[in-house]
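Given next are the chains, with one letter for each unit.
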Amino acid sequence: MNYYISNSGSDSNPGTQVAPWATLDKINSFQFSPGDTVYFKCGDVFRGLLYPDSGNSTADVTYASYGSGDKPIIMGSVSKNDLSDWTDLGDNIWQAEAVLTPSTPAEPDNLIVEENWYPVYTEGTGEAGSETDITECYYDGSSSFKITCVDSGANPYDIQFYNAPFKTGKWKIYTLTIAMKGSVNFTIPKIELILAESPFTQLDVYESIDITTDWQEIIIEFYTEADISNTMLDIVLGGAIPNGAILYIDKQITLKDAGMKLYNDNYNFYTSADATQSDDASYYYSGSSSMKVDVTDSGDNIYAIQIYNGVYWFTPGKMYKVTFAAKSTETFTIPEIFLSDYQGDYRYDCIAKTADITTDWQEYEIYFTVDRRRAEGSRFQMNLGNAIPAGASFYLDKYITFTEIDSYEFYNLDVGNIVFGETCGVKKTSEEELSKQNDFYSGNNVVKMYSVGNPASLYPEIELCKKQDVIQGKFEYSVINGLKILYSGAHGINTTPGTNNIEIINNTVGWIGGSFLIDEVRYGNGIQIWESAHDILIKDNDIYQVYDAAITNQGTSTADQYNINILSNKIEKCEMSYEVWLLSSESSMSNINFKYNKCNNSGYGWSHNQRPDPNGCHLLFYANYSNTVNVNIANNIFNTATDYMVYGDFVKDYIVEDNKFYLSGTEKLYYGTVIPFWAWIYYLNDVNNWTDSDNSIVEWTKPENPSTSFAKPNNSDTEWR
């Protein structure tokens, strides 16, 4: 099947070329099948994060373009081009704020269908009748149900009124809104959610609903702990509704998804310090109890005391509001609250939150952006170690809720760069450092920038590059072809462990990186193959203006990388052209080919002068401790760098030959301590200090009869290092 997306489309469309979709959210929410192609309209611009789907060994899932004109653009940035986007704070400081809710979140579906109520059910001695479409008595609908009791029976289940089954989810809150009145006053014993098959297990219940002779709207909250496809709402009347009485129920009944709620029963407690956990029914906020943590010694690090939940799932690219209530016998600050993948290895939006806990119950709201799709689920965690005072008791209310909200901006996301067309800002670590035009600081959901006037009056294009990849995920048998990927504060394309059998071809990737990764360390690669991956083709892409490497395959954990071909790409003004390493000695790397690429002006891009560690080089051989076989870097052109052509010592397993190195005269050929390797580079490649008049790359031919000697050249050591 072919599917289409265009700026003129709508997500309510079927996704055809005549009636295309409009947003990446729609693409990400749709499950594509092997053989499907998603076409982005040429000349259009789409914002957000794309999670490619996987095909299989028989057919790929392809993401490509259609129509004529420029490549379709996917941006990871927020536009701030309007004068109204910026507020003058005085002293040439201008502020842009994150917009939390640019559009109204979609109204959740009503699970109750008024036509799907069954006639009143009776058993035992109960006797009653029911009628529908009573138009002479209703609340805010157009009619009501009428239940007339003849004999209320001896027990509650002798008279019941319930509807057809519907689906409910795991750890979900559902809000029931229902209006009722009686011909006399009485109390309904209970309204419950039940399993719609024997043994009709009760899922949740609300008891003792007082009915009067006046219409009243009643709002009830239910909670479900599992995914159930056949749930029923049951109004239990037996033994309570008086004989001869009438109950009217307005037909406008709603039962809607209100988010997720996690009980402390779902949570795990861990400590390496001296602390204990218990359930305390004497202190609570809105639940029936709280989790109590008694601390004798909180340890010497934040991980010494942890509270975290079991597995649950979020929608990637969405923001969630987490609401919880807490108190303590002594005030302190929770140092870390975060969402992560279930193993805790990757934190969504990579910003830990804090909360100031007082001696009174307080309700806290924290916002998270889920920026990665994980099949194994996610977890919510608080780290309390080295924070709770010795002798204190911490109380966490039983109810913690998660609510999805709409937000497409940079709330709680670091802004790594600001791009003004062909120039960019200079990122600072504090507001006090803002002193020159285009200096900016990102924090607390705002961006502050030094400017002699409203930035939108000085620059027609202003793109805030937020800390979020543009294309990301573990995908298999997929093709990304002919797209333009721009303005990410993180990575352009980032594959996660397990990616295989993909092609990244004929794309343009530019203005990438700059966000903080850890503390004040900034990062961002054009195309990153992270940890285990195999059978990957990266070919005919144009990559420019990247904070770190244009292309890299790397990883810190145990990983296997093989059959990765990086061919015929054009790379311009990135800090590094190609970076390769695997840290773990248990890892393996084989059949990696970086060939026929044209790499120009490494270190001459936007990031070089902003880096704490400027190192403009074409080949970065970082600490590769893996079992490495057959890594070939051949038949490439490397033209000009600010510092080095090749940097690094971990090179014994790499084959670097038949390349053309053009040195401008200011950079060195090689930095490292393995002297035979730089001699190898010199003899097995064509090294020349010539560039043509416009500093562009020209075609070349393999030098004749290059020597394979490892002898040191006659030239001085310092000339080449």
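Further up the page is the structure itself.
Residues numbered from 1 in each chain as written. Predicted model: local features only at pLDDT ≥ 70, side-chain atom pairs only at ≥ 80, totals over all residues. Heavy atoms only, no water.

Colleague: Looking at this structure, I do not really get the overall build of the protein. What am I missing?
Modeller: Scanning the protein from N- to C-terminus turns up 4 helices and 62 strands. Expressed as a percentage of the 721 residues in the protein, the buried residues total 55%. Contacts in the protein between residues far apart in sequence, at least 24 positions, make up 76% of those at least 6 positions apart. Summed over its atoms, the accessible surface of the protein is roughly 29200 Å², and 45% of this surface lies on carbon and sulfur atoms. (Helix = DSSP H or I, 4+ residues; strand = E, 2+ residues; numbered from the N terminus. Buried < 20%, exposed > 50% of the residue type's maximum accessible area, 1.4 Å probe, protein only. Contact = heavy atoms within 4.5 Å. Areas by Shrake-Rupley, 256 points an atom, 1.4 Å probe, with all protein chains shown as cover.)

Colleague: So what exactly am I meant to see when it comes to the environment of Ile228 here?
Modeller: Its place among the elements puts Ile228 in strand β18 (residues 228–236). Given the relative accessible area of 13%, Ile228 is considered buried.

Colleague: What am I meant to see in a nonpolar patch on the surface here?
Modeller: Together, Leu517, Ile518 and Val521 make up an exposed nonpolar region whose accessible area comes to about 280 Å². Residue position: Val521 is located in strand β45 (residues 521–523). Judged by its relative accessible area of 47%, Val521 falls in the partly exposed class. (Patch = residues over 30% accessible without salt bridge, like charges linked within 9 Å, V, L, I, M, F, W, Y side chains within 5 Å. Salt bridge = Lys/Arg side-chain N within 4 Å of Asp/Glu carboxyl O.)

Colleague: Sorry, what's going on with the sheet that holds strand β41 (residues 493–495) here?
Modeller: Backbone hydrogen bonds are what pair the strands of a sheet, in a parallel or an antiparallel way. With respect to topology, 8 strands assemble into an open sheet ordered β38-β41-β46-β49-β52-β55-β58-β61, the strand pairing being parallel. Looking at which strands have only one partner, the edges of the open sheet turn out to be β38 (471–473) and β61 (668–671). Taken over all neighbouring pairs, the strand axes of this sheet differ in orientation by 5 degrees on average, direction set aside. (Pairing = 2+ DSSP bridges. Axes fitted to C-alpha atoms, helices over the stretch in contact; angles between N-to-C directions.)

Colleague: I'm lost on the sheet that holds strand β39 (residues 476–481) in this one. Help?
Modeller: Taken together, 10 strands build an open sheet; the order of strands is β1-β2-β4-β39-β42-β47-β50-β53-β56-β59 and the sheet is parallel. Both edges of this open sheet fall to β1 (2–5) and β59 (654–657), since each of them pairs with a single strand only. Neighbouring strand axes in the sheet, compared pairwise and without regard to direction, differ in orientation by 10 degrees on average. Pairing geometry for strand β53 (residues 588–595) and strand β56 (residues 627–634), over 7 bridges, is parallel. Bridge pairing in β56 links Ser588 to Asn627.

Colleague: For this particular structure, what's the right way to read a negative patch on the surface?
Modeller: On the surface, Glu432, Glu433, Asp519 and Glu520 cluster together into a patch of negative charge. Turning to its location among the elements, Asp519 is positioned in the loop between β44 (515–518) and β45. (Lys, Arg positive; Asp, Glu negative; His and termini not counted. Charge placed at Lys NZ, Arg CZ, Asp CG, Glu CD.)

Colleague: Just to check I follow, could you spell out the pairing of strand β49 (residues 549–555) for this structure?
Modeller: Put simply, side chains in a regular strand alternate between the two faces of the sheet. Extensive coverage of β49 is indicated by the burial of 7 of its 7 residues. The sheet contact formed by strand β46 (residues 527–530) and β49 spans 4 bridges and is parallel. Counted as the bridge partner of Gln528 is Thr552 from β49. In terms of strand pairing, β49 meets strand β52 (residues 576–582) through 6 bridges, oriented parallel. Considered in β52, the bridge of Gln554 is made with Trp581.

Colleague: Which parts of the structure should I look at to understand the state of the cysteines?
Modeller: When the sulfur atoms of two cysteines share a covalent bond, that bond is a disulfide. Here the structure, examined in full by the defined rule, presents 0 disulfides. No disulfide involves Cys465; its nearest neighbouring cysteine sulfur is the one of Cys424, lying 8.7 Å away. Its sulfur unpaired, Cys599 is 8.9 Å from the next cysteine sulfur, which belongs to Cys574. (Disulfide = S-S within 2.5 Å.)

Colleague: Is there a simple way to explain the packing of aromatic side chains in this structure?
Modeller: The relative placement of two aromatic rings is captured by the distance of their centres and the angle of their planes. With the rule as written, the count across this model stands at 30 aromatic pairs. Ring geometry for Tyr4 against Tyr66: centres 4.9 Å apart, planes inclined by 85 degrees, an arrangement best described as edge-to-face. Placement of Tyr4 in strand β1 and of Tyr66 in strand β4 (residues 61–66) is noted, with a sequence separation of 62 residues between them. What makes Tyr4 buried here is its relative accessible area of 12%. With a centroid separation of 6.1 Å and an interplanar angle of 40 degrees, the aromatic rings of Tyr285 and Trp361 are classed as tilted. Pair noted here: Tyr285 is in the loop between β22 (274–280) and β23 (290–297) and Trp361 is in the loop between β27 (353–357) and β28 (362–369), with a separation of 76 residues, a long-range link. A residue is classified by how much of its surface remains accessible, and Tyr285, at 39% relative accessible area, is partly exposed. Each member of the aromatic cluster is reached from another via a ring pair, and the members are Tyr3, Trp21, Phe30, Phe32 and Tyr63. (Phe/Tyr/Trp six-rings, centres within 6.5 Å; stacked < 30°, edge-to-face > 60°.)

Colleague: Looking at this structure, how should I read the side chain of Asn454?
Modeller: As for its position among the elements, Asn454 is in the loop between β36 (446–450) and α2 (455–458). By relative accessible area, Asn454 is classed as buried at 12%. A distance of 3.1 Å separates the side chain of Asn454 from the backbone oxygen of Leu83, its partner in a polar contact. For Asn454, the contacting residues outside a window of four places in its chain are Leu83, Trp86 and Trp94. (Polar contact = N/O pair within 3.5 Å; in protein donor to acceptor, adjacent residues only side chain to side chain.)

Colleague: Honestly, the nonpolar core in this entry has me stumped. Any pointers?
Modeller: Counting residues in hydrophobic clusters, the biggest one holds 60 residues, and the most contacted among them are Phe40, Tyr63, Ile543, Tyr578 and Phe661. Not counting the four nearest positions on each side in its chain, Phe661 is found in contact with Phe638, Met645, Val646, Leu669, Ile681, Asn685, Asp686, Val687 and Asn688. (Core = buried A, V, L, I, M, F, W, Y, C linked by side-chain atoms within 4.5 Å.)

Colleague: What should I look at first to understand unusual backbone geometry in this one?
Modeller: Note on backbone geometry: most residues besides glycine have negative phi, and most peptide bonds are trans. Between Ser198 and the following residue, Pro199, the backbone shows a cis peptide bond with an omega angle of 15 degrees. One non-glycine residue with positive phi stands out, namely Asp540, at about 60 degrees. Notably, Asp658 is not glycine yet its phi reads approximately 60 degrees, a positive angle. Assignment of secondary structure puts Asp658 in the loop between β59 and β60 (660–662).

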